[in-house]
Amino acid sequence: MDISFHGADRDVTGSCHLLQCAGKKILIDCGMFQGGRELAEENSRPFGFEPSEIDFLLLTHAHLDHCGRIPLLVKRGFQGEIITTSATVELARLVMLDAAGLQEEEARYQQRKARRHGGNLKAAEPLYTVLDALNCLDCFGRKASQGQAMELAPGIRVTFFNAGHILGSSSLLLELEEKGSRRRVLFSGDLGYGGRAILRDPEPPPHADVVIMESTYGNRLHKQLEPSIEELYTAINETMDRGGNVIIPTFALERAQEILYYLREGVERGHINRYTTVFLDSPMAISATEIFERHPECYDPDTLKISHDGDNPFSLPGLHFTRETAESMAINQIDRGAVIMAGSGMCTGGRVRHHLKHNLWRPESSVVFVGYAARGTLARRIIDGAETVRIFGEEIPVRAQIYTIGGFSAHTDQAGLVAWHRHTGNPDITYLVHGEEDSMNALAGLLAHTRVIMPEPDQAFEL
Ligand code: ZN
């Protein structure tokens, strides 16, 4: 019985861990390394194991940094079974197809450039294509029901249970037996926290001998959620009074649906005008919202009640889905009274850049950031107070009101991680993954009654 680590090691992206037990090889997640072009190389290098030898892939959730290398895994010979929840299957399909499309587009751009300047055409090939992403869907087999143990092979049982992070997200308990010795191995996946909209609260984890846990916010405590929702309503109302538009750069998965949910609630409770015009201007967010509507089994009691009462938790009277490019462009003609949600969340691409171009220079408009903005991104430059920013080759002055609302997060914070770990009993070993070193060190100092290891890439351990 052993475990090896092939991504998200002292880093937050590229999650991929390999278990070996009773003659079977089981992969937990196969995510993409994200954060810049230099990482293309990291994604395309060998996995650190032979894909054709893997029997099962257990997928915790559909974020790109957990599922993004699956099409590549299949392209390189994986023929095993992928097991996850039915909501995750649908979301992962959307996420992988979108990633493949973006890679093809980027490759075409790089190849045109290479042709012009006589560069290396081979280097400009996509990691995988849309066809590869479609092919890997054939490997998705049995659907996991949360809370129900599943036998993968003699001596290997897995139970998925709700992690409360995004729709369908799960932690995994593996009960392993080999040559008379038994181990309970627990993978946290990414962890959410209780009291958020839409999703059921994460389940307290069972006891385990070995724990592999995320540590994204191991050194941080989150702001409260309620004041953040109030801030969102205030930003909208102030902007409407000034006669401008509100631009909300939005991540397509979870955050977009959360914001729709809070806007609906704001209308219901009279905090914002019932007829506020809201555009969800992102084909991917629209598709993700439709997937949310199909999975009430993931809802918390409040969301479930809305749904049972015949209402749609993600809809409000003034909401428009604008999937087509022409519809998106038509929004540019509106100079007041609109709330425009568009991707990408960090403004690194996508339709939001057009809306910023049309609104950022107008003091009556506003930009409301509701998510994480990495260093070096357009979102971060605006948040940090840039006086002008470059969009589509044009220098645009930043005169709009900028709101940064910090209380929305899909990840739990330090206190939540420590509380989660306490529920696992007294594990012999805890491996920290999915975190930067500062964050891991802070969390490691707070975990009692366990030995903590922060694995290096491709490091292996006996269980
Ligand atoms: Zn995640």
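Residues numbered from 1 in each chain as written. Predicted model: local features only at pLDDT ≥ 70, side-chain atom pairs only at ≥ 80, totals over all residues. Heavy atoms only, no water.

Bringing the overall build of the protein into the picture now. Check the secondary structure of the protein and you find 14 helices and 22 strands. A globule of 463 residues ought to have a C-alpha radius of gyration of about 23 Å, and the protein, at 22 Å, matches this closely. Once the C-alpha set of the protein is aligned to its principal axes, its extents read approximately 70 × 60 × 40 Å. Across the 463 residues in the protein, those meeting the buried criterion constitute 56%. (Helix = DSSP H or I, 4+ residues; strand = E, 2+ residues; numbered from the N terminus. Rg over C-alpha atoms; globule rule 2.2 N^0.38 Å. Buried < 20%, exposed > 50% of the residue type's maximum accessible area, 1.4 Å probe, protein only.)

Let's shift gears to the domain arrangement of the protein. Domain annotation for the protein reports domain 1 (2–220 + 410–462) and domain 2 (225–408). The gap between the C-alpha centroids of domain 1 and domain 2 is 29 Å. Both sides of the domain 1 and domain 2 interface together cover about 2000 Å² of buried area, and 62% of this is carbon and sulfur. Ranking the residues of domain 1 by area buried against domain 2 places E90, L167 and I198 at the top, with a combined share of 33%. Viewed at the interface, domain 2 and domain 1 are joined by 2 salt bridges. (Domains from an automatic or database assignment. Buried area = accessible area lost by both parts, 1.4 Å probe. Salt bridge = Lys/Arg side-chain N within 4 Å of Asp/Glu carboxyl O.)

The method is simple in principle: a probe with the dimensions of a water molecule rolls over the atoms, and the space it marks as empty is what remains. Roughly 280 Å³ of internal volume is contained in the second largest pocket. Forming the walls of the second largest pocket are 16 residues, and the residues nearest its centre are A197, Y261, E265, R269 and D302. Of all the elements in the fold, those that place two or more residues in the lining of the second largest pocket are α6 (225–242), α7 (255–268) and α9 (301–308). Its residues placed into classes, the lining of the second largest pocket shows 6 nonpolar, 1 polar and 9 charged. In terms of domain composition, the lining of the second largest pocket takes at least three residues from each of domain 1 (2–220 + 410–462) and domain 2 (225–408). (1 Å grid on protein atoms, 1.4 Å probe; cavity = no way out; pocket = protein on both sides within 12 Å on 5 of 7 lines; lining within 4 Å. Points joined across faces, edges and corners; volume = space filled by probe spheres on them. Nonpolar A, V, L, I, M, F, W, Y, C, P; charged D, E, K, R; others polar.)

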